[in-house]
Amino acid sequence: MLADKNKIISIEENTEASLIIAVEFFHSGRIFIYPTDTIYGIGGNPFDERVISRIGEIKGRDETKKFIWLLSDFENVMNYTEINFESHIEFLNKIWPAPVTVVLNLNKRTKDLIDQQTIAVRIPGNDFCLKLLREISRPLISTSVNRSGEKPLNNVKNIINDYSNSVDAIFYNSMDFSTNSENISSTIIDLTSENPKLIREGSIKFVELLQKFS
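Residues numbered from 1 in each chain as written. Predicted model: local features only at pLDDT ≥ 70, side-chain atom pairs only at ≥ 80, totals over all residues. Heavy atoms only, no water.

Caption draft 1: Quick look at helix H1 (residues 15-27). In this model, H1 (13 residues) spans 18 Å end to end at C-alpha, consistent with the 18 Å of a helix rising 1.5 Å per residue. Listed as buried for H1 are Ser18, Leu19, Ala22, Val23, Phe25 and Phe26. One face of H1 carries all of its buried residues, which in axial projection span an arc of 160 degrees. Facing away from the buried surface of H1 by more than 90 degrees, the exposed residues are Glu16 and Ile20. Next to the buried residues of H1 lie strand S1 (8-10), strand S2 (32-34), helix H6 (127-136), strand S8 (140-144) and strand S9 (169-172). Where H1 begins, the capping side chain belongs to asparagine 14, and its oxygen is found 3.4 Å from the backbone nitrogen of glutamate 16. At the C-terminal side of H1, glycine 29 shows a positive phi close to 80 degrees. (Helix = DSSP H or I, 4+ residues; strand = E, 2+ residues; numbered from the N terminus. Expected span 1.5 Å × (residues − 1). Buried < 20%, exposed > 50% of the residue type's maximum accessible area, 1.4 Å probe, protein only. Arc of directions from axis to C-beta. Contact = heavy atoms within 4.5 Å. Polar contact = N/O pair within 3.5 Å; in protein donor to acceptor, adjacent residues only side chain to side chain.)

As structure tokens, this is what we get:
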């Protein structure tokens, strides 16, 4: 079943219009599905409690599990986090943008704002994502399109069939409409202490990342 076509937006047909709509939705507290450099994600404003609650309900997710944030650049990452090791800064500047998510300590202002100590962040290597992130100049929630315990969806037709009535818009790449994309979730590492720790291995192997850590 396809929903209102105004909600199903091809990025290639008009990138600028897609960005305008996505920015408006972000600032108005709505949620949307969009492509990343790994798999499709459900996104919205991470500082809007209604957005967080709604995405959690869609996924049937434990409230204690936090969402990944996407950010446009390293300067923006530093607006929200606290990095105490020069080697970490050098490492992150080497690897990003890339499908590598990193758990970092939040700075005091952000800790107080969202009542948590750490955050998983990433600078994605996806053109639409980066343009959107630069426009909003804020973090964007990124969580896989699936219900808790199920495999993430990455085929646009299936995403529309299953989620078009749950979100406010779906932004898609035409090539993903009828094919089963094999994109793999991001690798997640923990950098809250001096030595990096692997949380989840994804499209980039942990051993490859360690070679860039010095």
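Additional details are given in the paragraphs that follow.
Caption draft 2: Spotlight on the pattern of salt bridges. One pass over the full model with this rule turns up 7 salt bridges. In this structure, aspartate 37 and arginine 122 form a salt bridge, with 2.4 Å as the shortest nitrogen-oxygen distance. Of the two residues, aspartate 37 sits in the loop between S2 and strand S3 (41-43) while arginine 122 sits in strand S7 (residues 118-122), which places them 85 residues apart along the sequence. Overall, arginine 122 belongs to the buried group, its relative accessible area being 3%. (Salt bridge = Lys/Arg side-chain N within 4 Å of Asp/Glu carboxyl O.)

Caption draft 3: View of the packing of H1 against H6. Relative orientation of the contacting elements H1 and H6 amounts to 50 degrees, with a least axis distance of 10 Å. What the angle tells us is that H1 and H6 run oblique. For the pair H1 and H6, the sense of crossing is right-handed. Touching Thr15, Ser18, Leu19, Ala22, Val23, Phe26 and His27 of H1 are Phe128, Lys131, Leu132, Glu135 and Ile136, all from H6. Grouping the constituent residues of the contact of H1 with H6 by class yields 7 nonpolar, 3 polar and 2 charged. (Axes fitted to C-alpha atoms, helices over the stretch in contact; angles between N-to-C directions. Parallel < 35°, antiparallel > 145°, perpendicular 65-115°, else oblique. Left-handed = near helix turned anticlockwise from the far one by under 90°. Nonpolar A, V, L, I, M, F, W, Y, C, P; charged D, E, K, R; others polar.)

Caption draft 4: Focus on the environment of lysine 111. Within the secondary structure, lysine 111 is located in helix H5 (residues 108-114). Taking the C-alpha atoms as reference, lysine 111 lies 9.0 Å from threonine 81; in sequence the two are 30 residues apart. The contacts of lysine 111, once residues within four sequence positions are left out, are Leu106, Gln116 and Gln117.

Caption draft 5: Fine view of the packing of aromatic side chains. One pass over the structure, following the stated rule, counts 7 aromatic pairs. Ring geometry for phenylalanine 91 versus phenylalanine 213: centroids 5.3 Å apart, planes at 75 degrees, classification edge-to-face. Taken together, the residues span a long stretch of sequence, with phenylalanine 91 in helix H4 (residues 86-95) and phenylalanine 213 in the segment after helix H8 (206-210) at a distance of 122 residues. Note on phenylalanine 128 and phenylalanine 171: the rings are 5.8 Å apart at their centroids and 35 degrees apart in plane angle, and the pair reads as tilted. Pair noted here: phenylalanine 128 is in helix H6 and phenylalanine 171 is in strand S9, with a separation of 43 residues, a long-range link. Exposure remark for phenylalanine 128: the relative accessible area of 4% places this residue in the buried category. By way of ring pairs, the aromatic residues Phe32, Tyr34, Phe128 and Phe171 are connected into one cluster. (Phe/Tyr/Trp six-rings, centres within 6.5 Å; stacked < 30°, edge-to-face > 60°.)

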